[in-house]
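Report on the structure
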Amino acid sequence: SENEKTSPEDLLFSYDGILYPAALSSPETLEALKSFETRSNDVILAGYPKTGTNWLEEMVREIESTDAKYTEEEMKERINAEKELQMFPRLEFGDPGVFERMKKLPSRRIILTHLSPHLLPPSLFQGKAKILLLLRNPKDTAVSYYHFYNNMPVLPSFATWDEYFAAFMSGKLAWGSYFDHLMEWNRYIDHERMMMISYEELKENPVLGMKKIAAFFGFSLSEEEFSRIAKKTSFQAMKEKSKETHGKFGDILFRKGVVGSWRDLFSEAQNEEMDQKFEECIGGTILAMKIKY
Ligand code: A3P
């Protein structure tokens, strides 16, 4: 039937010990990525899947284009150039030739990735491009990813939450372990061209969050412009537009958009297990202090 999924082995491939969706990427693409050339004015947005990357992307696109004051014509050209590349732009998606085509994108390029630093091109850390890392508390991230896994045709389904939880804890999911991802990024956090922001702080005060982002990238916007963007990128507004922006994936991508929905699924034992793992992996780091839940 239409809902039947291919076997997990066919849906995911392993590269350097980490799983990725075969429909979206390939070992050859990840290999080719190593020679991707970063521009000094690239805007790099990094975050594990389901940390709110589509939301952050939208905010940053709005902030960047408002700052740049593109004409309508320029805006159209930019959107078309990107659409030609792919529907969900992620640095690790596409065929190996995608990086050659990305060279034609006009500056400033806004580039998203779910990858951990060791898989990113060295030029990204050597150059002047700025990297914004998005964090989200691991419990909500796990719940969000669970629903995503079970609803996306390109990912295998899990029969039960418990089974999924074990896979999340051991990192046997696409893009690997969230804990490894956090531990790895934690080593780059002092990098002068890096900043982190959390899903929770963006929820609590989107305008303040956007001001921090704009200051980091050197974009200057008025108070009115920030509040216009906050309205335009609210969960409700983005969900309403999602059919148009993300087609049939709209309802899957814009699910609940709240902090704390982990309580619906976590058992007390799972809650403790995750607290312990979190403490072991990143307890006491600056990064951990950002992730309040
Ligand atoms: P939930 O599944 O908890 O609702 P990503 O974009 O990285 O895949 O992350 C998806 C998560 O971000 C989903 O979380 C989604 O609902 C949430 N999200 C998307 N747009 C949002 C917005 N404008 N405001 C708040 N949360 C948003």
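Structure's up top.
Figured I'd write up the structure that's included with this text. Everything quoted here is computed from the prediction, not taken from an experiment. (Residues numbered from 1 in each chain as written. Predicted model: local features only at pLDDT ≥ 70, side-chain atom pairs only at ≥ 80, totals over all residues. Heavy atoms only, no water.)

Details of the overall build of the chain
- The helix and strand inventory of the chain stands at 17 helices and six strands.
- Computed over C-alpha atoms, the radius of gyration of the chain comes to 19 Å, within 12% of the 19 Å expected from 2.2 N^0.38 for 293 residues, which places it in the range of a compact globule.
- Dimensions of the chain along its principal axes, counting C-alpha atoms only, are 50 × 40 × 40 Å.
- Put simply, the chain has 293 residues, and 52% of those count as buried.
- Residue pairs in contact within the chain that sit at least 24 positions apart in sequence constitute 73% of those at least 6 positions apart.
- About 14,100 Å² of surface is accessible on the chain, with carbon and sulfur atoms providing 51% of the total. (Helix = DSSP H or I, 4+ residues; strand = E, 2+ residues; numbered from the N terminus. Rg over C-alpha atoms; globule rule 2.2 N^0.38 Å. Buried < 20%, exposed > 50% of the residue type's maximum accessible area, 1.4 Å probe, protein only. Contact = heavy atoms within 4.5 Å. Areas by Shrake-Rupley, 256 points an atom, 1.4 Å probe, with all protein chains shown as cover.)

Some thoughts on the environment of Met-274
- Mapped onto the secondary structure, Met-274 falls in helix α16 (residues 268-282).
- Those residues in contact with Met-274, other than ones at most four positions away along the chain, are Pro-138, Lys-139, Ala-142, Phe-165, Phe-168, Met-169, Phe-179 and Phe-266.

Description of the nonpolar core
- Leu-132, Tyr-145, Phe-168 and Ile-213 are the most contacted members of the largest nonpolar core, which has 92 residues in total.
- Ignoring any residue separated from it by four or fewer positions in sequence, one finds Leu-132 in contact with Ile-44, Leu-45, Ala-46, Leu-56, Val-60, Met-195, Met-196, Ile-197, Ile-213, Phe-216 and Phe-217. (Core = buried A, V, L, I, M, F, W, Y, C linked by side-chain atoms within 4.5 Å.)

Considerations on the packing of aromatic side chains
- Applying the stated criterion across every chain yields a total of 27 aromatic pairs.
- Aromatic pair Phe-217 and Phe-219: ring centres 5.8 Å apart, planes at 20°, arrangement stacked.
- Judged by its relative accessible area of 11%, Phe-217 falls in the buried class.
- Over the ring of Tyr-199 we find Arg-136, and its NZ or CZ is 3.9 Å from the ring centre. (Phe/Tyr/Trp six-rings, centres within 6.5 Å; stacked < 30°, edge-to-face > 60°. Lys NZ or Arg CZ within 6 Å of the ring centre and 35° of its normal.)

What about the packing of helix α9 (residues 178-186) against α16?
- For the pair α9 and α16, the least separation of the axes is 10 Å and the interaxial angle reads 25°. Classified by the angle their axes make, α9 and α16 are roughly parallel. For the crossing formed where α9 meets α16, the hand is right-handed. Taken together, the residues of α16 that come into contact with α9 (itself represented by Phe-179, Leu-182 and Met-183) are Met-274, Lys-277, Phe-278, Cys-281 and Ile-282.
- Its residues placed into classes, the contact of α9 with α16 shows seven nonpolar, no polar and one charged. (Axes fitted to C-alpha atoms, helices over the stretch in contact; angles between N-to-C directions. Parallel < 35°, antiparallel > 145°, perpendicular 65-115°, else oblique. Left-handed = near helix turned anticlockwise from the far one by under 90°. Nonpolar A, V, L, I, M, F, W, Y, C, P; charged D, E, K, R; others polar.)

Re the packing of helix α11 (residues 206-217) against helix α12 (residues 223-232)
- Contact geometry of α11 with α12 gives a least axis separation of 9 Å together with a crossing angle of 120°. Relative to α12, α11 is oriented so that their crossing is right-handed. Of the residues in α12, those touching α11 at Pro-206, Val-207, Met-210, Lys-211 and Ala-214 are Glu-223, Phe-226, Ser-227, Ile-229 and Ala-230.
- Taken together, the residues of the contact of α11 with α12 break down into seven nonpolar, one polar and two charged.

Quick look at the sheet that holds strand β5 (residues 130-135)
- Strands sit in the order β4-β3-β5-β6 across an open sheet of four strands; the sheet is parallel. Strand pairing shows two members of the sheet lacking a second neighbour, β4 (110-113) and β6 (194-198), which therefore form its edges. Averaged over neighbouring strand pairs, the angle between their axes works out to 20° when direction is ignored.
- Relative to β6, β5 is paired through five bridges, and the arrangement is parallel. Within β6, the residue paired with Ile-131 across the bridge is Met-194. (Pairing = 2+ DSSP bridges.)

Looking at the pattern of salt bridges
- Per the stated rule, a full pass over the model turns up 18 salt bridges.
- Among the ionic pairs, Lys-103 bridges to Glu-100, the shortest N-O distance being 3.4 Å.
- Each member of the salt-bridge network shares a partner with another, and the members are Glu-57, Arg-61, Glu-82 and Arg-90. (Salt bridge = Lys/Arg side-chain N within 4 Å of Asp/Glu carboxyl O.)

Structural notes on the pairing of β6
- Taking burial as the measure, the five residues of β6 include five buried ones, the bulk of the element.
- Alternating positions in β6 separate into two faces, Met-194, Met-196 and Ser-198 on one and Met-195 and Ile-197 on the other, with burial throughout.

Describing the environment of Arg-61
- Relative to the helices and strands, Arg-61 is located in helix α3 (residues 53-68).
- Contact partners of Arg-61, with chain neighbours within four places excluded, come to Glu-82, Pro-89 and Ile-110.

Some details on the site of the ligand
- Around the ligand sit 19 residues in total, of which Thr-53, Ser-144, Tyr-199, Arg-255 and Lys-256 are the nearest.
- Between the ligand and the protein, one listed contact pairs a nitrogen atom with a side-chain N or O atom of Trp-55 at 3.4 Å.
- Between Gly-257 and the ligand, the recorded distance is 2.7 Å, taken from a backbone N or O atom to an oxygen atom.
- About the coverage of the ligand: the protein hides 98% of its 570 Å² of free accessible area.
- Of all the secondary-structure elements, those providing two or more residues to the shell around the ligand are α3, α10 (199-204) and α13 (235-240).
- Per element, the largest residue contribution to the shell around the ligand is three residues, and it comes from α3.
- The residue inventory of the shell around the ligand, partitioned by class, reads six nonpolar, eight polar and five charged. (Near = heavy atom within 4 Å. Polar contact = N/O pair within 3.5 Å; in protein donor to acceptor, adjacent residues only side chain to side chain.)

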